[in-house]
Amino acid sequence: MLRLVSWNINGIRSPLQGARYEEPSSCTALAMGRILEKLDADILCLQETKVTRDVLTEPLAIIEGYNSYFSFSRNRSGYSGVATFCKDSATPVAAEEGLSGLLATQNGDVGCYGNMDDFTQEELRALDSEGRALLTQHKICTWEGKEKTLTLINVYCPHADPGKPERLAFKMRFYRLLQIRAEALLAAGSHVIILGDLNTAHRPIDHWDAVNLECFEEDPGRKWMDGLLSNLGCESGSHMGPFIDSYRCFQPKQKGAFTCWSTVSGARHLNYGSRLDYILGDRTLVIDTFQASFLLPEVMGSDHCPVGAVLSVSSVPAKQCPPLCTCFLPEFAGTQLKILRFLVHLKQDPVFKQSALQPSNQTQVHMRQNKARVRSTRSRPSKTGSSRGQKNLMSYFQPSSSRPQTSNLDLPSLGTFVTPKTSEEDMVANVVEGQAKASEAKDEKEIRTSFWKSLLGGPSPMPLCGGHREPCVMRTVKKPGPNLGRHFYMCARPQGPPTDPSSRCNFFLWSRPS
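Procedures and definitions
Here, residues in each chain are numbered from 1, in the same order as that chain's written sequence. Whole-chain, interface and lining totals are the exception, using all residues; otherwise, since this is a predicted model, local features are given only for residues with pLDDT of at least 70 and side-chain atom pairs are given and counted only at 80 or more. By convention in this description, side-chain values take in all heavy atoms of the structure and omit both hydrogens and water. Like-charged residues are merged into a patch within 9 Å and nonpolar side chains (Val, Leu, Ile, Met, Phe, Trp, Tyr) within 5 Å, provided each residue has over 30% relative accessible area and no salt bridge. Note that accessible areas follow from Shrake-Rupley with a 1.4 Å probe, and for residues the cover is restricted to the protein chains shown. Think of a salt bridge as a Lys or Arg side-chain nitrogen and an Asp or Glu carboxyl oxygen that are within 4 Å of each other. By the criteria applied, helices consist of DSSP H or I runs no shorter than four residues and strands consist of E runs no shorter than two, each listed in order from the N terminus. Buried, partly exposed and exposed residues are distinguished by accessible area as a fraction of the type maximum, computed with a 1.4 Å probe on protein chains only: under 20%, between the cut-offs, and over 50%, respectively. UniProt positions are given in the numbering used here, feature names are shortened, and annotations may be inferred rather than shown by experiment. Residues are treated as being in contact if the distance between any of their heavy atoms lies within 4.5 Å. Counted as a polar contact is a pair of N or O atoms within 3.5 Å, where, for protein atoms, one must be capable of donating a hydrogen and the other of accepting one, and residues adjacent in sequence contribute only when both atoms are in side chains. Only strands joined by at least two bridges in the DSSP assignment are considered to pair. Axis angles are defined between N-to-C directions and span 0 to 180 degrees, where every axis is a line fitted to C-alpha atoms and, for a helix, only to the segment in contact. Throughout, disulfides are identified as pairs of cysteine sulfur atoms within 2.5 Å of each other.

Participant: Can you walk me through a nonpolar patch on the surface in this structure?
Facilitator: Residues Leu 393, Met 394, Tyr 396 and Phe 397 make up a contiguous nonpolar surface patch of about 530 Å² in total accessible area. Among the secondary structure elements, Met 394 is positioned in the loop between α9 (361-377) and α10 (424-455). Owing to a relative accessible area of 56%, Met 394 belongs among the exposed residues under this scheme.

Printed below as a string of structure tokens:
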């Protein structure tokens, strides 16, 4: 059996410090190893790792018993990024970063790129620059004993911000590039699995509030998924896409099967979320080898939960990891780095380079004149008082004339120092006096405190919500517009279905400016 798990981890370093695993940050390797042990995956695909190569540490990347592969964002630090951890028993034969092939090193790459003539080189470079795709190719053996090729595409698809229409166009182009690459791999004879965060809830059953969303079915991302996937279930339908949603194949009518929840509204408490994470397999692979597809909502540490699938195949590990493996990175390979690796070649203009390295004749004349002037102004020691030998260190020290001589001081004898004896009455009086001063200081502090409390009333009490008569919570408007930055009050309960009395009510009140 081959067990696959995908998880949008929302920062690969965040779950390592959560209460679920309770390891200190100094035990990163132990914490990451325990995550892998708990998820029990032969291949674990992570999205939104939010690390770049300069902050990737060896305990995070090199885990005993696993080989790992990372794709980093090249535009922003702490943004996007995907990673794949494979057990040594599932070592891939090839690994590649990106979908376009522009990041390929042509040594241990997956290949099969398809027709990308619709994209410009700048567009392809932009789509691959955010570290959103990572491919690993594996050899698998079916129960019939046949050896086949399986390619996993670990993706973190872009989010379409309503306030940024250019990001919707970017998302749809990324979808198009992903489909071209996946279909090219299928045409080359490889089985393909697309797994990760697709950032789209496909059907109304996959979203908690699809009924109230305007034009839900007309969303461009959902239309793209309609063309990519076959109809729900493994049966033949009117549309026969090249891929199948494995979870809906096994659970076609399961409601409340969500994988992402808002952390701000506490929606996970009442399971008020959406299903954005998928494991999509090509039709033949899903029908012939998939034994189960599941969600793991009990696993905390992120605003997403892991999803997984079990295949009735065995992995045939490669003898050596592909060059993209993190164990081959110079900083983790255990080899001494050359200083030239830290230097960047500076491209200079030929004219500037010549002027910088070869001064002009006029400059050389000025330099010689300056040197002669310096020599002439230098004081020369006299021949009679000079000594070419090395000077003694003690010659630099002279006795201070202002320092008083010890012999001229009249020191008092020890007998003149007499310790006065304090009586018991004097000691008691001192204690009483100290207590009185402390009491006076305490009274003065209380007077000052009460004065400032009367002057500054402090924050006003929170208003009570209309639905539950409970204290509200204050929020701040972050959406651009006339109300940006304003504060308001709302119900403090977690977000949930309107029919659930334990969920948040619709109370709203603007906060008065102080």
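Picking up after the structure, the text goes on.
Participant: What should I look at first to understand the UniProt feature "site: Transition state stabilizer" (unreviewed entry) in the protein chain in this one?
Facilitator: According to UniProt, the feature "site: Transition state stabilizer" (unreviewed entry) maps to Asn 199 in the numbering used here. Looking at where Asn 199 falls in the secondary structure, it is placed in the loop between β8 (191-197) and α5 (220-228). Residue classification places Asn 199 among the buried positions, given a relative accessible area of 14%. In this structure Asn 199 touches Tyr 156, Cys 157, Pro 158, His 159, Lys 171, Tyr 175 and Leu 276, once residues within four positions along its chain are discounted. In this structure the side chain of Asn 199 is engaged in a polar contact, spanning 2.8 Å, whose partner is the backbone oxygen of Cys 157.

Participant: Sorry, what's going on with the side chain of Gln 137 here?
Facilitator: Positionally, Gln 137 belongs in strand β6 (residues 133-141). A polar side-chain atom of Gln 137 sits 2.9 Å from a polar atom in the side chain of Thr 151. Residues in contact with Gln 137, not counting those within four places in the same chain, are Pro 92, Val 93, Ala 94, Val 110, Thr 149, Leu 150, Thr 151, Leu 185 and Ser 190.

Participant: Honestly, the UniProt feature "site: Important for catalytic activity" (unreviewed entry) in the protein chain in this entry has me stumped. Any pointers?
Facilitator: When the UniProt feature table is mapped onto this chain, "site: Important for catalytic activity" (unreviewed entry) is found at Asp 277. By secondary structure assignment, the location of Asp 277 is in strand β10 (residues 277-282). The residues touching Asp 277, leaving out its near neighbours within four places in the chain, are Asn 8, Gln 47, Gly 196, Asp 197, Thr 259, His 304 and Val 307. Within the local environment of Asp 277, its side chain forms a polar contact with the side chain of Thr 259, the two groups lying 2.6 Å apart.

Participant: Just to check I follow, could you spell out the sheet that holds strand β1 (residues 2-8) for this structure?
Facilitator: Paired through backbone hydrogen bonds, the strands of a sheet run either parallel or antiparallel to each other. Spatially, β3-β4-β2-β1-β12-β11 is the arrangement adopted by the six strands of the open sheet, whose pairing is mixed. The sheet terminates laterally at β3 (66-71) and β11 (290-295), the two strands that pair on one side only. Across the sheet, the axes of successive neighbouring strands diverge by a mean angle of 15°, strand direction being ignored. As paired elements, strand β2 (residues 43-47) and strand β4 (residues 82-87) share five bridges and run antiparallel to each other. By the bridge assignment for β4, Leu 44 is matched with Phe 85.

Participant: Explain the sheet that holds strand β16 (residues 508-510) here, please?
Facilitator: Read across the open sheet, the three strands follow the order β14-β15-β16; overall the sheet is antiparallel. Of all the strands in the sheet, just β14 (473-476) and β16 have a single pairing partner and so form its edges. If you compare each strand with its neighbour and ignore which way they point, the axes differ by 30° on average. Across four bridges, β14 lies against strand β15 (residues 487-490) in antiparallel orientation. In the strand pairing of β15, Arg 475 is matched with Phe 488.

Participant: Explain the state of the cysteines here, please?
Facilitator: Applying the stated criterion across every chain yields a total of zero disulfides. Cysteine Cys 321 remains unbridged, with the sulfur of Cys 325 as its closest cysteine sulfur at 4.2 Å. Of the cysteine sulfurs around Cys 505, a residue in no disulfide, the closest is that of Cys 491, at 3.8 Å. On the basis of relative accessible area, Cys 505 is assigned to the buried category, the value being 17%.

Participant: I keep staring at unusual backbone geometry and nothing clicks. Help me out?
Facilitator: Across residues other than glycine, the phi torsion is negative in most instances, and most of the peptide bonds are trans. The residue Ser 80 is not glycine, and still its phi comes out positive at about 55°. Tracing the chain through its elements places Ser 80 in the loop between β3 and β4. Relative accessible area serves as the criterion here: at 1%, Ser 80 is assigned to the buried category.

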